[in-house]
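Close look at the chain arrangement
Spelled out, the chains give:
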2 protein chains.
Amino acid sequence: MQLIDGKKTAEEIRHELAKEVENMKMQGEKVPHLAAVLLGNDGASETYVANKAKACEQVGFRSTVLKFDASITEGFLLDQVKSLNNNSDIDGFIVQLPLPAHISEQKVIEAIDPRKDVDGFHPVNIGRTLLGMPSFVSATPYGIIELIKRYNIETQGKHCVVIGRSNIVGRPVSVLMSLKNYPGDATVTVCHSRTRNMEEITRQADILIAAIGIPGFVKGNMVKDGVVVIDVGTTRVPSEQTKSGFKLKGDVDFDEVAPKASYITPVPGGVGPMTIVSLLKNTFLAARGEIYK
Amino acid sequence: MQLIDGKKTAEEIRHELAKEVENMKMQGEKVPHLAAVLLGNDGASETYVANKAKACEQVGFRSTVLKFDASITEGFLLDQVKSLNNNSDIDGFIVQLPLPAHISEQKVIEAIDPRKDVDGFHPVNIGRTLLGMPSFVSATPYGIIELIKRYNIETQGKHCVVIGRSNIVGRPVSVLMSLKNYPGDATVTVCHSRTRNMEEITRQADILIAAIGIPGFVKGNMVKDGVVVIDVGTTRVPSEQTKSGFKLKGDVDFDEVAPKASYITPVPGGVGPMTIVSLLKNTFLAARGEIYK
């Protein structure tokens, strides 16, 4: 069993990006610039945005945070989005979700210029992903694909079972894994809450991607020997072992499944650390105009 | 075994649409208007476009065909698309594919206003489909879903196996079948040319959708008893039994598979007749502003 070390891989990618930024600077190019729009004072959202800004700094990107009161109108936010769309100094930007209930998230997402949609949430980017065209892929699926690639895991013709069909993880990763690409070209099954014979299907998986959000859902008897396991779950569960009083638990019962796996991501330290670097990578691609030419 | 009669179902839908058009007329509303852009003199393309125009007539829609020489420039075609986008008299339009090699199909498709993209090929419509949002779904997947619905075939929690991952059939239908919807909510597996253990997987199918383009690919030993079979294949094979010298053959070996199936679509007369009515249905939805409000 080999551990897929997301923390180390993320660190490698940060190094690569930092080097790229150095090159850009040496050639007198503008460094990538990410903006984040944050509404209100939700602690988790503030932490996420702060971490994204910090990650930008680490690799030499510029970052800007636009913070507004949660009471702003939808129209005001849409104007901010429009202004960011038109601001040539900003290469990409995100609007941190969730938004207050009086603002339509979908409307805001659809207002973002797809060329600056580094979260990859705009229907155009999702559609382009499905069509196998260049696109901004959202952070978690991007991170999963990158881990598989960097660990040289064979995917062509393999049976990849995805548990979960969320718009931001399960569904896009299932599409990516079946595209004529590496990583990809796999036979892909999408399971979810309505799947009747879950174990029968997961036991067929050469590659199992668990993104259902139920801690410890995948037990040892649900996988076959040699399976590659990507655990996307990050549920906070109470813990007496940590200062914070909680710890992150994946969708996979690691102790039961790891002994049977050929590769497995731990939680924490697997897919999680990859998400922010995926955002950085998208911002870099946006700055270089690599997706929309 | 019950035959899924696409011809009869298509006829029913045409009747329903004709009635709707009558209602629209009585209320003094403009009737739906479909435009088709056709380049060159490809016989098959000309026939398709003529059939689409005729189908419009049958249900009381208006239709317009814009025919150009195959030598027109990409820029000229893009201007025509723009003009159709801005023409409030046209509710929806299609650009008949394939286009001559000097014109980028993708560029043309992306130039179509998604609100008039009744072929459902624009990345925005594909992305919205994947997100479970209202969207124009392209003709074949739409026709498949409609047949399943009209025959009241149970889909929730069923294992649906799709053979083929094309952008216009396999992939969108696999997404639709796994959405939290009826028809849908199924466990879905996408197989394709790289799938190693095809038979093992197809034998698990409660619903099998064959869209791989290989005549007679699905044999009797590849399905289980009671399977629902949707055959999307329409390959022209030489035949001495027809005046034209060829006949259409599906991806399913009908004689072997039908006795084991609970429902099965014939070829011809299954999915085929549904595609044009799907286009009419989309045009109707466009005219009513039901997708983009």
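Below you will find a few notes about this structure. In this text, all values refer to a predicted model and were calculated from it rather than measured experimentally. (Residues numbered from 1 in each chain as written. Chains lettered and ligands numbered in written order. Predicted model: local features only at pLDDT ≥ 70, side-chain atom pairs only at ≥ 80, totals over all residues.)

**A short note on the overall build of chain A**
Helix and strand counts for chain A come out as 10 helices and 11 strands. Every one of the 293 residues in chain A was classed for burial, and the buried ones make up 50%. Of the contacts formed within chain A by residues at least 6 apart in sequence, a portion of 68% connects residues at least 24 apart. (Helix = DSSP H or I, 4+ residues; strand = E, 2+ residues; numbered from the N terminus. Buried ≥ 20, exposed ≤ 12 C-beta atoms within 10 Å, placed from the backbone. Contact = placed C-beta atoms within 7 Å.)

**Re the sheet that holds strand 2 (residues 33–39) of chain B**
All names here are of chain B. Sheet architecture is open: three strands sit in the order 3-2-4, paired in parallel fashion. Each having just a single partner strand, strand 3 (62–68) and strand 4 (92–95) make up the two edges of the open sheet. Pairs of neighbouring strands in the sheet enclose a mean axial angle of 15°, with direction left out of account. In terms of strand pairing, strand 2 meets strand 4 through four bridges, oriented parallel. The residue of strand 4 that forms the bridge with Ala35 is Phe93. (Pairing = 2+ DSSP bridges. Axes fitted to C-alpha atoms, helices over the stretch in contact; angles between N-to-C directions.)

**Points about the packing of helix 6 (residues 139–150) of chain B against helix 10 (residues 272–287) of chain B**
Helix packing for two helices is described by the angle between their axes and how far apart those axes are. All names here are of chain B. At a closest axis distance of 8 Å, the pairing of helix 6 and helix 10 adopts a crossing angle of 105°. Accordingly, the angle class assigned to the pair helix 6 and helix 10 is roughly perpendicular. Taken together, the residues of helix 10 that come into contact with helix 6 (itself represented by Ala139, Thr140, Tyr142, Gly143, Glu146 and Leu147) are Met274, Thr275, Ser278 and Leu279. Residues belonging to the contact of helix 6 with helix 10 are distributed by class as follows: five nonpolar, four polar and one charged. (Parallel < 35°, antiparallel > 145°, perpendicular 65-115°, else oblique. Nonpolar A, V, L, I, M, F, W, Y, C, P; charged D, E, K, R; others polar.)

**Observations concerning the environment of B:Thr64**
Residues and elements named next belong to chain B. By the element assignment, Thr64 lies in strand 3. A count of 16 C-beta atoms within 10 Å places Thr64 in the partly exposed class. Residues Thr64 and Val227, 163 residues apart in the sequence, show an inter-C-alpha distance of 42 Å.

**Observations concerning unusual backbone geometry**
Residues and elements named next belong to chain B. Omega for the peptide link from Leu97 to Pro98 comes to 0°, which places this bond in the cis form. Each neighbour pair has its own omega, and for Tyr182 with Pro183 the value is -10°, a cis peptide bond. Within the fold, Pro183 resides in the loop between helix 7 (170–178) and strand 6 (187–191). In this model, Asn152 sits at a positive phi of 50°, which is unusual for a non-glycine residue. Relative to the elements of secondary structure, Asn152 occurs in the loop between helix 6 and strand 5 (159–163). A count of 8 C-beta atoms within 10 Å places Asn152 in the exposed class. One non-glycine residue, Asp185, lies in the positive phi region at around 60°. Assignment of secondary structure puts Asp185 in the loop between helix 7 and strand 6.

**Notes on the nonpolar core**
Core analysis: the largest hydrophobic core is formed by 164 residues, its most contacted members being A:Ile209 and B:Ile209. Dropping the residues within four chain positions of it, A:Ile209 is found in contact with A:Ile144, A:Cys160, A:Val162, A:Val173, A:Ile230 and A:Val232. (Core = buried A, V, L, I, M, F, W, Y, C linked by C-beta atoms within 7 Å.)

**Looking at the interface of chain B and chain A**
If you look at the interface, chain B gives 24 residues, while chain A gives 24 residues. For the side of chain B that touches chain A, the elements supplying multiple residues, two or more each, are helix 5 (123–130), helix 7 and strand 6 of chain B. With seven residues, helix 5 of chain B is the largest single contributor of residues to the side of chain B that touches chain A. Classifying every residue of the side of chain B that touches chain A gives nine nonpolar, nine polar and six charged. One ladder, built from three bridges, connects strand 6 (residues 187–191) of chain A with strand 6 of chain B; its direction is antiparallel. Bridging across to strand 6 of chain B, A:Thr189 finds its partner in B:Thr189.

**Quick look at the sheet that holds strand 3 (residues 62–68) of chain A**
Residue and element names in this part refer to chain A. Spatially, three strands are ordered 3-2-4 in an open sheet, and the strand pairing comes out parallel. Each having just a single partner strand, strand 3 and strand 4 (92–95) make up the two edges of the open sheet. The average undirected angle you get between the axes of adjacent strands in this sheet is 15°. Alignment of strand 2 (residues 33–39) against strand 3, held across seven bridges, turns out to be parallel. If you follow Leu38 over to strand 3, its bridge partner there is Lys67.

**Here's the deal with the relation of the copies chain B and chain A**
Here chain B sits on chain A after a turn of 180° about the axis and a move of 0.0 Å along it, with an RMSD of 0.0 Å. Both chain copies can therefore be described as sitting about a two-fold axis. With an isologous cut-off of 70% or more, the 100% of interface residues of chain B that recur at the interface of chain A puts this contact in the isologous class. (Least-squares fit on C-alpha atoms with pLDDT ≥ 70 in both.)

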